[in-house]
There are 2 protein chains.
Amino acid sequence: MKKNIVLKKKLTQIWFKDLQKKLCGEFQRLEIEYSKKIKRKPNFFRTKHWKRSKKGGGGTYSIIRNGAFFDSVGVNFSMVSGRFEKKFRSQILGAIKNPNYWASGISVVAHFRNPKIPSLHFNTRFITTSKNWFGGGMDATPAIKDDSEKKMFHKKIKFVCDKYNKTYYPKYKEWCDNYFYLPHRKETRGIGGIFFDYKKDNWEKDFNFVKDIGLCFFDCAKSMIKEKMYTKWSQKEKEIQLYKRGRYIEFNLLYDKGTKFGLSTGGNVEAILMSLPPKAKWK
Amino acid sequence: MKKNIVLKKKLTQIWFKDLQKKLCGEFQRLEIEYSKKIKRKPNFFRTKHWKRSKKGGGGTYSIIRNGAFFDSVGVNFSMVSGRFEKKFRSQILGAIKNPNYWASGISVVAHFRNPKIPSLHFNTRFITTSKNWFGGGMDATPAIKDDSEKKMFHKKIKFVCDKYNKTYYPKYKEWCDNYFYLPHRKETRGIGGIFFDYKKDNWEKDFNFVKDIGLCFFDCAKSMIKEKMYTKWSQKEKEIQLYKRGRYIEFNLLYDKGTKFGLSTGGNVEAILMSLPPKAKWK
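Numbering of residues starts from 1 in each chain and follows the order in which that chain's sequence is written. Written order determines the labels here, with chains lettered from A and ligands numbered from 1. Owing to the predicted nature of the model, reporting of local features is limited to residues with pLDDT of at least 70; listing and counting of side-chain atom pairs is limited to 80 or more, with chain, interface and lining totals taken over all residues. Side-chain figures throughout are based on the complete set of non-hydrogen atoms in the structure, without hydrogens or water.

Asker: Looking at this model, I keep getting lost on the pairing of strand β3 (residues 70-83) of chain B. Mind explaining?
Answerer: Note on strand geometry: in a regular strand, side chains alternate between the two faces of the sheet. Residue and element names in this part refer to chain B. Two strands qualify as a pair provided that DSSP identifies no fewer than 2 bridges between them. Every helix listed is a DSSP run of H or I at least four residues long, and every strand listed is a run of E at least two residues long, numbered separately from the N terminus. Direction of pairing for strand β2 (residues 56-65) relative to β3: antiparallel, over a ladder of 10 bridges. Following the sheet pairing, Ser62 is matched in β3 by Val75. Counted between consecutive antiparallel strands, the loop separating β2 from β3 contains 4 residues, among which Asn66 sits at a positive phi close to 55°. Here 13 bridges tie β3 to strand β4 (residues 100-112), and the two strands are oriented antiparallel to one another.

Now the structure itself:
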């Protein structure tokens, strides 16, 4: 069934917003549950709406910083539209033919107080120019190695991918490894996951895949958290985490295309830099 | 007097090395003096020599991290040579005519434990392609505002610049303000200073200027330190400093051309990233 673009925009937007609500609800619940256990006050999501001054659109981002359970977690919904500047057009699919764009998406970054729980990143988006396509992915960055956790994470992702196409998982896993790589350190950011872009095989199927990947992230996050939520950690493990976060920051500021694109096109700074942990160290 | 290029390379290199020794000596003395006062063990400069594997040259960098007085200080000497890749040539003066280059320089970044003392940055370099020129500058990034300190810093720099040419200071000050600017934050990195590049008016005069700027940095650093070395600070002031350092890191990883150039051309990672403070925070 070929849906018209207006409907596609509406449906994707509704999904991204719904998922934002679902994730915030669960993260808030975890923050409160944990804070009770350690007898500390929980922090609550601060939600901000922002609008792009001259250009179209804006978004809603919800952030907890310096919580009892989360060092930081941000869940960001955005819907922007406008016209690509000439210098960007050649870099973007379908933008030479039609420089007007519309894009909506959700992105999530969580950094946990407990250094045994990996930092988690997830995002999915729908973009339209003269073409329209989905992109997104998720990856995990543990400070402390855990092979069985890595196995579980990839198994869950592979399971969802395989439902659609057996080629997805190996292809998107490799894309992720290549993307989240720090050439100057000769190391990957974390244990990988998946990354995909320009996905426009079959809209219905692609949208279902994007929704399933969102739910898969929800499931992976819950599993990883549940496993380690109440484990204790040492000062040394916390230190290791802070250095690992230094590398996370290096990646995001030196190489991440989304960060660069957002900052150079006048996106909301707080929403873009919510990916940075509240504290990091360098040796 | 027109000196041949071999001699120019030799003289500049000797100067950068001498200045490195002079600065390290003074910084080490301060670290020891302060550590005695607070009855803590001082840290000592770790000096590393590095060579570029396939390309020519290398350098010597000396670093103190997590000292009694310095959170970190790095004094980096380098001498590199090679051939610019095609894609870089159009960006570099004289490199289309002759893609072979030789470059030597000194760079210094100091972050102090005491949040009342500004972070200090200085570098000077001599580069040859088919042309040859000097570049460099210095700037200060205080976490806590101090107008009289700012005035003193700029006055000292202006004094040296004015000895050579009355146009230098206003021109190089503006260049510095434009360079050390974070567009996404709409703020400058610090209180400025000077920045200059492609300096090739008169080699003798330019080299003297570069030497004088090096000595001026030495003088400014000593004055700023002496003024505040034994002042006390609050936890709140330390926090302000850590957030300011977050911005410092944002600038260096997102915008600094030297950092990008160094990392993308296979420079020594530790020497390049010595500019990052050992710890930073984000709100």
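Having seen it, we continue.
Asker: Explain the interface of chain B and chain A to me, please; I cannot follow it from the model alone.
Answerer: How big an interface is tends to be stated in terms of accessible area lost as the parts join. Between two residues, a contact is recorded if the distance between any of their heavy atoms is within 4.5 Å. In this complex, chain B contributes 19 residues to the contact, which on the side of chain A involves 19 residues. Summing both sides of the interface, chain B and chain A together bury roughly 1,900 Å²; the carbon and sulfur share of this comes to 68%. Buried area is a sum: the accessible area each of two parts loses on coming together, probed at 1.4 Å, counted once for each and added. Of all residues in chain B, the largest losses of buried area upon contact with chain A belong to Leu253, Leu254 and Trp282 of chain B, amounting jointly to 30% of the total for that side. Each reported salt bridge corresponds to a side-chain nitrogen of Lys or Arg within 4 Å of a carboxyl oxygen of Asp or Glu. The tally of links from chain B across to chain A stands at 0 salt bridges. Pairs of N or O atoms within 3.5 Å make up the polar contacts considered here, provided that, within protein, one atom can donate a hydrogen while the other can accept it, and that residues adjacent in sequence are counted only when both atoms are side-chain atoms. Seen at the junction of chain B and chain A, the total is 6 residue pairs in polar contact (both at pLDDT 80 or more). Going through the elements one at a time, α6 (235-254), α7 (257-264) and β10 (279-281) of chain B are the ones with two or more residues in the side of chain B that touches chain A.

Asker: I tried to follow the relation of the copies chain B and chain A on my own but got confused; where do I start?
Answerer: Copy one and copy two of the chain differ by a rotation about a common axis and a shift along it. When the copies are superposed, the least-squares fit draws on C-alpha atoms of residues that have pLDDT of at least 70 in both. Mapping chain B onto chain A calls for a rotation angle of 180° and an axial translation of 0.0 Å; the resulting RMSD is 0.0 Å. The superposition operator between the copies reduces to a two-fold rotation axis. When the interface residues of chain B are mapped onto chain A, 100% of them again lie at the interface, so the same face is used by both copies.

Asker: I keep staring at the sheet that holds β2 of chain B and nothing clicks. Help me out?
Answerer: Picture the strands of a sheet paired through backbone hydrogen bonds; they go either parallel or antiparallel. Residues and elements named next belong to chain B. Ordered by their spatial adjacency, 7 strands build an open sheet running β1-β2-β3-β4-β5-β6-β9, and the pairing between neighbours is antiparallel. Strand pairing shows two members of the sheet lacking a second neighbour, β1 (46-51) and β9 (193-199), which therefore form its edges. Adjacent strand axes in the sheet meet at a mean angle of 10° when their direction is disregarded. Pairing geometry for β4 and strand β5 (residues 119-128), over 9 bridges, is antiparallel. Counted as the bridge partner of Ser107 is Asn123 from β5. In this description, a line fitted to the C-alpha atoms serves as the axis of each element, helices being fitted only across the stretch in contact, and the angle between N-to-C directions of two axes falls anywhere from 0 to 180 degrees.

These figures come from the coordinates and say nothing about function on their own.
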